[in-house]
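If you want the building blocks of each chain, they are given just below.
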Amino acid sequence: MEIIAFLLVVLLGFLFSVLPWLCALCSRKASGAKKLIWFLLSFLCSWLGYAVYYFLIVKPEWEDKPARPEKRVPRNENGMPIKMVERN
């Protein structure tokens, strides 16, 4: 189920971000400067969409998480964590 969800996200990401400017480059209806303008506009709009997503979805979740206090984990000479036993 997770693979299907991942593939769906990748497909939708492709359809809404890459496909518009790819179609603008491959279009036979426009040529020269008009094709370049359509490509630049669709490319810019895809980045604007990402910016909206980032500032509305990603950044608020990142700011809401409280900072964890750094805990140093004691490690042996091989870098493996040492299991500490708490005694009462």
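The coordinates are above.
Residues numbered from 1 in each chain as written. Predicted model: local features only at pLDDT ≥ 70, side-chain atom pairs only at ≥ 80, totals over all residues. Heavy atoms only, no water.

**What to know about the packing of aromatic side chains**
To keep things clear, this is the line we draw: Centres within 6.5 Å are what make two rings of Phe, Tyr or Trp a pair, Trp counting through its six-membered ring; a difference in plane orientation under 30 degrees is then read as stacked, over 60 as edge-to-face, and the rest as tilted.
Applying the stated criterion across every chain, the model contains 1 aromatic pair. Note on Tyr54 and Phe55: the rings are 5.2 Å apart at their centroids and 85° apart in plane angle, and the pair reads as edge-to-face.

**Considerations on the state of the cysteines**
Put simply, the test is: Defined by distance alone, a disulfide is two cysteine sulfur atoms within 2.5 Å. Exposure is judged per residue with a 1.4 Å probe applied to protein chains only, and the accessible area is read against the type maximum: over 50% gives exposed, under 20% gives buried, and values in between give partly exposed.
What the rule picks out here adds up to 0 disulfides. Distance from the sulfur of Cys23, which forms no disulfide, to the nearest cysteine sulfur (Cys26) is 7.0 Å. The partly exposed category is assigned to Cys23, whose relative accessible area is 44%. On the basis of relative accessibility, which here comes to 57%, the residue Cys26 falls in the exposed class.

**Considerations on the environment of Pro81**
Basically, it comes down to this: Only runs of H or I of at least four residues qualify as helices and only runs of E of at least two qualify as strands under DSSP, and these elements are numbered from the N terminus. Two residues qualify as a contact provided that any one of their heavy atoms is within 4.5 Å of a heavy atom in the partner residue.
With respect to the helices and strands, Pro81 occurs in the segment after α2 (33-64). Those residues in contact with Pro81, other than ones at most four positions away along the chain, are Val73, Pro74 and Arg75.

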